[in-house]
Amino acid sequence: MSERHGEHGLQRNVLTRYAETARRALGRWPVTGWLIGGAEGEVSHTLRQGLLAALLIMVGSWGVGWLVTTPGSVLAFNEVLLPLRTTEVGVITSTVLLIVGTLLLLRSWLRLAQRTDLTGDDAVGLMRRALFTWGAPLLLCFPIFSRDVFSYLAQGRLLHTGLNPYEHGVSEVPGWFMEGADALWAESPSPYGPLFLVIAQMIWFSTGGIPELGVAAFRLLAVAGVLLMLWSIPRLAEAFGSRPGWALWLCLLNPLSLMVFIPAAHNDPLMIGLMLAGAWYALRRRRLAAILLVTAAVAVKPIALVALPFVVLLSLPHTASYALRFREWLVAGSIAAALLIGGGLWLGVGLGWFTAALSAGSAVLQGAPVGLLGMAVGELAAMLGQADAEAVAVVVYDAARVFSAVVLALMLLRPRLGNPVLWAAYGLTVVVLCSSVIQPWYVLWLLPLYAVVHMYRGRVVTFVVLLLTVMVLASMVGQLWVAQWMDEWLIRGIAAAVAMLYLVYITLLDPATSAMFTVRERSQRWNAVDGWLRLRELSTPDTSWAASDVYTKAAR
């Protein structure tokens, strides 16, 4: 994806020639030349574009990001912010800044891959520099993309009052809606683990109910998860034979990761970071540390439980023996169960975290393929007989969960089990695809598990880039805060129009980035052992994934 791979395949149609002419013309002016002029021959140019994009997103979020208006808020009635949030001119301007900034960030991410040798020794340092440069302004954003952070605060408050968040919705606490929690959590159980609920309780109590301080605390928690990922991803990629710089570019610098991990202050980076750190310590055969870290990931978001039985196998010198596998599963399962059950009893919530995890997302519109299938089957059953459509749909959802559990068991019991991290990626992918609800950020759980084992190119990368692009734009347009006296659909329509125009430019007209959206190159993945092979040509290796050279790399 370096410059020499990116430039020779550029589309040279009439529209792209016009785009190049316009770029050269704008490059003669100092201000526009700093941004888009010239040939963009230096990486620093791309870093500046990404910084500008992050600044545009930051300012745009001040107008259409989520901000609660409780008496404890310190910014809700700020005189500088009010014109951005309460006038049509301010809201429309903020919307355009937010969407343009997001797409410019997308373009900067793509150009960074083209201007950098992601396989080189200097790539990791450059990716870190880009992450810090682009991420710093995002720390000052109002929550965008999602307002789940306010639900975190509400559930922490719920636990602090002595109520069980796995049995009671946030509507049990006074003023919950004014404090920003989404209505879908009004009567729904918490889908998060007991450790995260304890952290949420501590944050709510220590910040005194001031929403801006609570958001800042959760954002710092998310940053801690990002730093764990930044630490563990290059180490795992180096040990397994992937490309560390490429893995960081794909997993941490894409716009979806940046938006979910920093402005939205989701708990996903903490869960992913703990899971990957556990994999690293398992690879170094430090079993207890690995089990504790992955168990902590489960206690943040129970979905990490899928990865636990795969990750603990990294501590084995080989995976050919079923006796060794069951030994590791017994030890890890016993420790994890003792901690999770004991923690639940100590909190007074019992095993509610586990049962709530099985129904996580049930309050959300069933928009995934399995969710749509369940609704369709339910409606068909209701039309043909006297069946309850919702009850039939639940049966479909449960059947999909059982199917995913069976597939996971078959994966774990394969006689030729290859790299456990890659198989954890396969297993987690099956679980996500069998879910009745798929949120945009679920893909971020999967990317690191694939990227630390292989580097990819061709159609599969094009698909991932398009998927990330569509998800971030659709969620951004759908999650704008608009005052109730304004025409919400007008604002969202403007946002969608700007997004579509810039997206067409990036994918079709831009002489540089359009090369990233080709379907001509076949899908391949690379590892230091196998080299470049087509996806279906790779098979589970006969030798153990934990060969001596891999362990030596991990032990350095």
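Residues numbered from 1 in each chain as written. Predicted model: local features only at pLDDT ≥ 70, side-chain atom pairs only at ≥ 80, totals over all residues. Heavy atoms only, no water.

### As for unusual backbone geometry
Reasoning step 1: Non-glycine residue Phe145 carries a positive phi angle of around 75 degrees.
Reasoning step 2: For Phe145, a relative accessible area of 2% puts it in the buried group.
Reasoning step 3: The backbone phi angle of Arg285 is positive, close to 65 degrees, even though this residue is not glycine.
Reasoning step 4: Within the secondary structure layout, Arg285 lies in the loop between α13 (268–283) and α14 (287–300). (Buried < 20%, exposed > 50% of the residue type's maximum accessible area, 1.4 Å probe, protein only. Helix = DSSP H or I, 4+ residues; strand = E, 2+ residues; numbered from the N terminus.)

### A few points about the packing of helix α8 (residues 148–160) against helix α10 (residues 211–240)
Reasoning step 1: Where α8 meets α10, the closest approach of the two axes is 10 Å, and the angle between their N-to-C directions is 105 degrees. It follows from the interaxial angle that α8 and α10 lie roughly perpendicular. Facing α8, whose interface residues are Val149, Phe150, Tyr152 and Leu153, α10 presents Pro211, Gly214, Val215 and Phe218.
Reasoning step 2: Taken together, the residues of the contact of α8 with α10 break down into seven nonpolar, one polar and no charged. (Axes fitted to C-alpha atoms, helices over the stretch in contact; angles between N-to-C directions. Parallel < 35°, antiparallel > 145°, perpendicular 65-115°, else oblique. Contact = heavy atoms within 4.5 Å. Nonpolar A, V, L, I, M, F, W, Y, C, P; charged D, E, K, R; others polar.)

### Re helix α22 (residues 459–478)
Reasoning step 1: Look at α22: 28 Å from first C-alpha to last across 20 residues, which is about the 28 Å you get at 1.5 Å a residue.
Reasoning step 2: Summarising the contacts, the buried residues of α22 are in contact with α6 (88–115), α11 (244–252), α12 (255–261), α21 (442–451), β1 (455–457) and α23 (488–509). (Expected span 1.5 Å × (residues − 1).)

### Remarks on the environment of Thr207
Reasoning step 1: Within the secondary structure, Thr207 is located in the loop between α9 (194–206) and α10.
Reasoning step 2: For the pair Thr207 and Ala217, spaced 10 residues apart in the sequence, the C-alpha separation amounts to 8.4 Å.
Reasoning step 3: Not counting residues up to four positions away in its chain, the partners in contact with Thr207 are Leu213 and Gly214.

### Notes on the pattern of salt bridges
Reasoning step 1: All told, the structure shown has six salt bridges when counted by the stated rule.
Reasoning step 2: We note a salt bridge from Arg327 to Glu328, for which the minimum N-O separation is 2.8 Å.
Reasoning step 3: Arg327 gets classed as partly exposed once you look at its relative accessible area, which sits at 39%.
Reasoning step 4: Arg492 serves as the salt-bridge partner of Glu488, at 2.6 Å between the closest nitrogen and oxygen. In this pair, Glu488 and Arg492 both sit in helix α23, four residues apart, roughly one turn of the helix. (Salt bridge = Lys/Arg side-chain N within 4 Å of Asp/Glu carboxyl O.)

### Looking at the sheet that holds strand β3 (residues 531–534)
Reasoning step 1: Ordered in space as β1-β2-β3, the three strands form an open sheet in which the pairing is antiparallel. The two strands at the open ends of the sheet, each matched to only one other strand, are β1 and β3. Taking each pair of neighbouring strands and ignoring which way they run, the sheet shows an average axis angle of 30 degrees.
Reasoning step 2: Note: strand β2 (residues 524–527) against β3, four bridges, orientation antiparallel. Following the sheet pairing, Gln524 is matched in β3 by Arg534. (Pairing = 2+ DSSP bridges.)

### Quick notes on the packing of aromatic side chains
Reasoning step 1: Tallied over the entire structure, the rule returns 16 aromatic pairs.
Reasoning step 2: Ring plane angle 15 degrees and centroid distance 4.5 Å describe the contact between Trp109 and Trp249, whose orientation is recorded as stacked. Of the two residues, Trp109 sits in helix α6 while Trp249 sits in helix α11, which places them 140 residues apart along the sequence.
Reasoning step 3: The exposure class assigned to Trp109 is buried, which follows from its relative accessible area of 0%.
Reasoning step 4: By relative accessible area, Trp249 is classed as buried at 0%.
Reasoning step 5: Through a chain of ring-to-ring contacts, three or more aromatic side chains come together here, namely Phe145, Trp441, Tyr442 and Trp445.
Reasoning step 6: The lysine or arginine in question, Arg457, covers the ring of Trp532, its NZ or CZ lying 3.8 Å from the ring centre. (Phe/Tyr/Trp six-rings, centres within 6.5 Å; stacked < 30°, edge-to-face > 60°. Lys NZ or Arg CZ within 6 Å of the ring centre and 35° of its normal.)

### Describing the side chain of Thr507
Reasoning step 1: Relative to the elements of secondary structure, Thr507 occurs in helix α23.
Reasoning step 2: Polar contacts involving the side chain of Thr507 include one to the main-chain carbonyl oxygen of Leu503, which spans 2.7 Å.
Reasoning step 3: In this structure, Thr507 is in contact with Ser514 and Phe517, ignoring residues within four places of it in sequence. (Polar contact = N/O pair within 3.5 Å; in protein donor to acceptor, adjacent residues only side chain to side chain.)

### Some words on α21
Reasoning step 1: When you tally the buried positions in α21, you get 10 out of 10 residues, the bulk of the element.
Reasoning step 2: When we look at burial in α21, the residues that qualify are Tyr442, Val443, Leu444, Trp445, Leu446, Leu447, Pro448, Leu449, Tyr450 and Ala451.

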